[in-house]
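Residue-level structural notes
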Amino acid sequence: MAADSLLKVIFEHEGVFIHPSSDENPSEDSLVSGFLRIVDKDAEVFVEFKPVEETVDTSNMLCAGKDSSSVMEWDQCPGEKLLESQHSYETEWDMVNAVSFKKKSCTNGEGTLNHSHEKSRGAFSFALSDLRSIILKEEGWTFLVLKLKESCSSPPALHFHQGGSKEFLESLRRFALLSEVPEDGSCLLVSSPIKALSQSFENLLDDNNFGLIQQKFRKDPYVATLGGFSKVTNYIFDAFRGTEEQHQRPPEEVADLLGEVLPGLEINQQEEPGFEVITRIDLGTRPEVTRTGPLSSEDWSKHQDAEGRMINISRLKQTIFKGGLSHAVRKEAWKFLLGYVPWDSSLEERKIAQRAKTDEYFKMKLQWKSVSEEQERRNSRLRDYRSLIEKDVNRTDRSNHFYEGIDNPGLVLLHDILMTYCMFDFDLGYVQGMSDLLSPILYVMESEVDAFWCFVSFMDQMHQNFEEQMQGMKTQLIQLGTLLRLLDLSFWNYLESQDSGFLYFCFRWLLIRFKRELSFHDVLRLWEVMWTGLPCDNFHLLVCCAILDSEKQKIMEENYGFNEILKHINELSMKLDIEEVLQKAEGICQQIRSCKDLPPSISVILGFGAAPGQGPAPGPGLDPDSDVRDCGIAPVLRPAPRPEACSNGLLRESSSHNGCRVAFMS
């Protein structure tokens, strides 16, 4: 299971100041500059302020210069000097190459911030539930006066000399309701999360407020999903369904709403005779499967010949699928699993290819780095990408030692790789959520060039998830529903009875491959297992099925409604045991594969008609052989083939606008 104590950074802003007192004229020397954060500690939200000198431990890392022109080691010795660290070929480009951390014992475990707990001037922390009100004032800059409840002493005022007050308040609104006092517009009353949920629900029932939420979804569904998916969708669908005392809204209204969230998805709500009569399929007993330990460096070396070519690749992939990789192997093995380097390449061939890829990468990087400020003022698209990337980078995995602190070299590389990807793929550019996919890859590779090309390979699989039409997400949600109907029709019918048949609660799982649901190291394990392409296509959908299979009894026994289902699924974040999930998912795969009367639609989804990882048979649109009436299973999209196979069955050239006409019926 996940660690008992976990800290997640939700908001952070550097350059917030505390003045010595509100009556004094502050001098530059008397100001206390610090780092303001909103963090989630064990499901409770806290506001923290720490002076700058407390926020970073720079004694254990190589860091990039601010101009991204070299890699430097910070040596905290008397005189504190920067020592240049030269690297091989890539230093000819005079760019950042690698980031590494000196070995250092960690007593508090991965994923927690390692700050000193000594009380220093101005540092404070309080629970959001203790916050009573916020007063906004202007003195050439914005400063906030935070008033805590009577039992707590209030912290000093926070002065935002460098901006950031609006973003801070917006982040607070994700967890509490901030309402203006009618007689004093500068004062915001803070409601507790439970009270905020109730009041926001009532506000959303108002047609005008509800229209605003719809506009937000239409404008950027990714922000709505990643930023506040659990809250916003909770409120929206409540507004459609009405209160428990009222009758439920007609299904066509719920379908219309889903059309707003997933533009382009057409849902057939017309009743057709025969769909209520559903034949269950006996899948037989689910086999017990076991998992093994991770592949060691020694075992990895045994799968290389004298020239460095990989041998016994099928057996190697099976070993990785059953147990994953030890961390020492990941940097090399992930390049093969993601297709960055060919399995049959020799060590010398890989060195030559590495040099060519390095040239190609830095040529693209120089494209955006050489854009002048005047040019960028006339390029709104590049400005928007840069702004979005900077915001996302500053809040991506900041509790991980690789990315924590101020001026962290890992953040510089994260930013530069994402900006360069915008040059690599002009059409897609950057979409929120992509930083979540890059972060673990950069953490493992510790190299800008290798991380970029591995990220490119991963994005080849995930590309459709981030396209404007969200074709990949629509396809996966449909396919997941098809699998759930096969595995447990009664559970599927229960979900549909609670307006949850469209599986909105799985959206984030699929969009960024469980990145927000698992601990950082469990994400590494899951991804490398999925990249083997075993034991079937779309194995990540069976991972979803395995999680839901473990939770269905509680959901049905407790008679959870739409709100409760969404809340329960969201609260599974960081509580899942990845080995148990993978074990169950593999068992489900074997159970389905052994079924004699398996519907063709299922075979298409899991690729049972072809070798694992090869994808389904070619042919656009719906599978012509599937018979939805046989088992109550919705027809499935069949993506078109592409030259490279993808482990998730989603291919970039497979977009089909006609493939979304799917009947969801019970």
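Data block above holds the structure.
Everything numeric in this text was worked out from a predicted model, so none of it was measured. (Residues numbered from 1 in each chain as written. Predicted model: local features only at pLDDT ≥ 70, side-chain atom pairs only at ≥ 80, totals over all residues. Heavy atoms only, no water.)

A closer look at the state of the cysteines
Tallied over the entire structure, the rule returns 0 disulfides. Free of any disulfide, Cys-589 has its nearest cysteine sulfur in Cys-536, 3.7 Å distant. (Disulfide = S-S within 2.5 Å.)

Points about the packing of aromatic side chains
Applying the stated criterion across every chain, the model contains 24 aromatic pairs. A centroid spacing of 4.8 Å and a plane angle of 85° characterise the contact between Trp-334 and Trp-531, whose relative ring orientation is edge-to-face. On the criterion of sequence distance, the pair formed by Trp-334 in helix 9 (residues 327-337) and Trp-531 in the loop between helix 19 (520-530) and helix 20 (539-557) is long-range, its members being 197 residues apart. Trp-531 shares its class with Trp-334; the two are buried. By the ring-pair criterion, three or more aromatic residues cluster together here, those being Tyr-361, Phe-362, Tyr-421, Phe-424, Phe-452, Trp-453 and Phe-455. One Lys or Arg, Lys-41, reaches over the ring of Phe-46 and ends 5.3 Å from the middle of that ring. In this structure, Lys-357 is placed above the aromatic ring of Trp-453, and the distance from its NZ or CZ to the ring centre is 4.0 Å. (Phe/Tyr/Trp six-rings, centres within 6.5 Å; stacked < 30°, edge-to-face > 60°. Helix = DSSP H or I, 4+ residues; strand = E, 2+ residues; numbered from the N terminus. Buried < 20%, exposed > 50% of the residue type's maximum accessible area, 1.4 Å probe, protein only. Lys NZ or Arg CZ within 6 Å of the ring centre and 35° of its normal.)

Things to note about the environment of Leu-582
Residue position: Leu-582 is located in helix 22 (residues 578-593). For the pair Leu-582 and Phe-539, spaced 43 residues apart in sequence, the C-alpha to C-alpha distance is 9.7 Å. The contacts of Leu-582, once residues within four sequence positions are left out, are Arg-291, Arg-525, Leu-526, Val-529, Phe-539 and Val-543. (Contact = heavy atoms within 4.5 Å.)

As for the side chain of Glu-517
As for its position among the elements, Glu-517 is in the loop between helix 18 (507-511) and helix 19. Not counting residues within four places of it along the chain, the set of residues in contact with Glu-517 comprises Arg-508, Trp-509, Leu-572, Ser-573, Met-574, Lys-575 and Leu-576.

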